[in-house]
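Per-entry structural report
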Amino acid sequence: MKMLTQNFGKLLLAGGVIFMASCSKDDDNDTTTKPTQKDATVKEVMEEEEQYSMMNEAIEESDQSSFFSNTSANITVFAANNDAFNSLFAEMNVSSMTELKGKLGDEAFADLIMYHAINGKFDINAIEDGYMETYADNDNNGKLSVFIENDNNTRLIFNGGDDHGASTASSTTISASNGSVIEINAVLSAQTNYENLEDAEEAEDNGETSLFLTLIADADVDIKNRLESETSMSTVIVADENELQSMLSINLAAILDVDDLNNLLDASAQTSLFTQFGVSTVAELLLELNISDLLSISGMTMANIYAEMEADDKAELMSTFIFNGYLNLKDEATNNGTISSDAGADFDVSTSTSGQIVLTDDDGNKIFLEENSAHSVNGSIYTIAKVEEM
């Protein structure tokens, strides 16, 4: 699949996860008007409604008409209106749909359209904040995800509403015979892992990635650059503060060194811990400690520990969550595979009795992942549900 210019990103569709969108809302909170009913397919709706004439042309130009005309389908289309396509034409310096397709290439142009369709028939008020899987593929055949925020059940914001996003142009949903049509004011484009993490952080009431992104920003710049690059494939496991703490504990000896520990512990705390673990040096103590031991010391907080960590320490911690390449962990779990993070931590991949993906390290620590993932132009994102330390 050909990459687009940095100016426009990649015109495709955008790892709980990590925050995968739910498909229903409480009807008591519905402030939208009832859907407009049409005895027509979503393709026929776009043929009939003037504001979608360019979206309809794009569907036909991309050879996707049969998908949107399928009477057995059950899809929601985020239909970019004519103003949105005219803006895209200006940005891409083209004057026709045929010229746009030629500039992007057949595959990227088709994915541009399929990025605007999701499985299921939804009204605006029935979509909750989070990632939703689209019908577009990334370069590894993963279904690209779009990040959606629902503003008071009347307005959807896609991919943060920035250069890769849009918002709904109307609070009305058109209910078609094989799905729904929701009008949006820009043509969507898929995002990188880092852009997806940023949108999740900025979403209202979502603190999942705040510290995670802060530590990435404070770490080696190569990590952030890698997650931002469209050509560097990575799989990222996102953790909130509690799971970050657990992962730090799992990999403590590789992240904090003797100098760090000396700076964190006064003489009294060192003596107490020497006695507790039967050691005589800080180097020996480091091999015995976990985060809980450190936090049991009066006045010690995670903020103290993070403040002591240098950029390379934070890079080591964040590299525990990052894996090279695009990994489909469901497949790895089915095949009982083993994966290795950038920090060199090895994990066996399996499935729990409840169906969760489980990563188990060499010491028996278990990381349970949320069921869904978000797929980006440069990889995928999964979210940690819980960590069980041995």
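A brief report on the enclosed structure follows. Worth saying up front: this structure is predicted, and the values here are computed from it rather than measured.

Re the environment of Ser249
Residue placement: Ser249 occurs in helix H10 (residues 241-250). Here Ser249 is in contact with Asn290, Ile291 and Glu389, once residues within four sequence places are set aside. A distance of 3.2 Å separates a polar side-chain atom of Ser249 from the backbone nitrogen of Ile291.

Details of the pairing of strand E9 (residues 234-238)
Moving residue by residue along a regular strand, the side chains alternate between the two faces of the sheet. Counting buried residues along E9, five of its five residues qualify, which places the element largely inside the surrounding structure. Residues Ser234, Val236 and Val238 of E9 are buried on one face, and the alternating residues Thr235 and Ile237, pointing to the opposite face, are buried as well. Strand direction decides the pairing type here: E9 and strand E10 (residues 322-324), joined by three bridges, are antiparallel. Opposite Thr235, over in E10, you have Phe323 as the bridge partner.

Let's talk about a negative patch on the surface
A grouping of Asp220, Asp222, Asp257, Asp259, Glu310 and Asp312 is seen on the molecular surface, where their side chains present a negatively charged patch. Within the secondary structure layout, Asp222 lies in helix H9 (residues 221-228).

Some words on the sheet that holds strand E14 (residues 366-376)
Across the sheet, which stays open at both edges, the seven strands sit in the order E10-E9-E15-E14-E13-E12-E11 with mixed pairing between neighbours. With one partner strand each, in any of the chains shown, E10 and strand E11 (338-340) form the two edges of the open sheet. Ignoring strand direction, the axes of neighbouring strands in this sheet form an average angle of 30°. Here five bridges tie E9 to strand E15 (residues 379-388), and the two strands are oriented parallel to one another. Looking at the pairing, Ile237 lines up with Tyr382 of E15.

Some details on the nonpolar core
Leu248, Ile305, Leu317 and Phe321 are the most contacted members of the largest nonpolar core, which totals 64 residues. Setting aside chain neighbours within four positions, we find Leu317 in contact with Leu215, Leu244, Met247, Leu248, Ile255, Tyr306 and Met309. By size, the runner-up hydrophobic cluster in this structure holds 54 residues, among which are Met55, Phe78, Ile118 and Ala176.

Notes on the packing of helix H8 (residues 210-218) against helix H17 (residues 311-319)
At their nearest, the axes of H8 and H17 sit 8 Å apart, and the two run at 130° to each other. What the angle tells us is that H8 and H17 run oblique. Note that H8 runs across H17; the crossing there is left-handed. Residues Phe212, Leu215, Ile216 and Asp218 of H8 pack against Ala311, Lys314, Leu317 and Met318 of H17.

What counts, and at which threshold
Residues numbered from 1 in each chain as written. Predicted model: local features only at pLDDT ≥ 70, side-chain atom pairs only at ≥ 80, totals over all residues. Heavy atoms only, no water. Helix = DSSP H or I, 4+ residues; strand = E, 2+ residues; numbered from the N terminus. Contact = heavy atoms within 4.5 Å. Polar contact = N/O pair within 3.5 Å; in protein donor to acceptor, adjacent residues only side chain to side chain. Buried < 20%, exposed > 50% of the residue type's maximum accessible area, 1.4 Å probe, protein only. Pairing = 2+ DSSP bridges. Patch = residues over 30% accessible without salt bridge, like charges linked within 9 Å, V, L, I, M, F, W, Y side chains within 5 Å. Areas by Shrake-Rupley, 256 points an atom, 1.4 Å probe, with all protein chains shown as cover. Salt bridge = Lys/Arg side-chain N within 4 Å of Asp/Glu carboxyl O. Lys, Arg positive; Asp, Glu negative; His and termini not counted. Charge placed at Lys NZ, Arg CZ, Asp CG, Glu CD. Axes fitted to C-alpha atoms, helices over the stretch in contact; angles between N-to-C directions. Core = buried A, V, L, I, M, F, W, Y, C linked by side-chain atoms within 4.5 Å. Parallel < 35°, antiparallel > 145°, perpendicular 65-115°, else oblique. Left-handed = near helix turned anticlockwise from the far one by under 90°.

Note that all results are geometric; they support no functional claim without further evidence.
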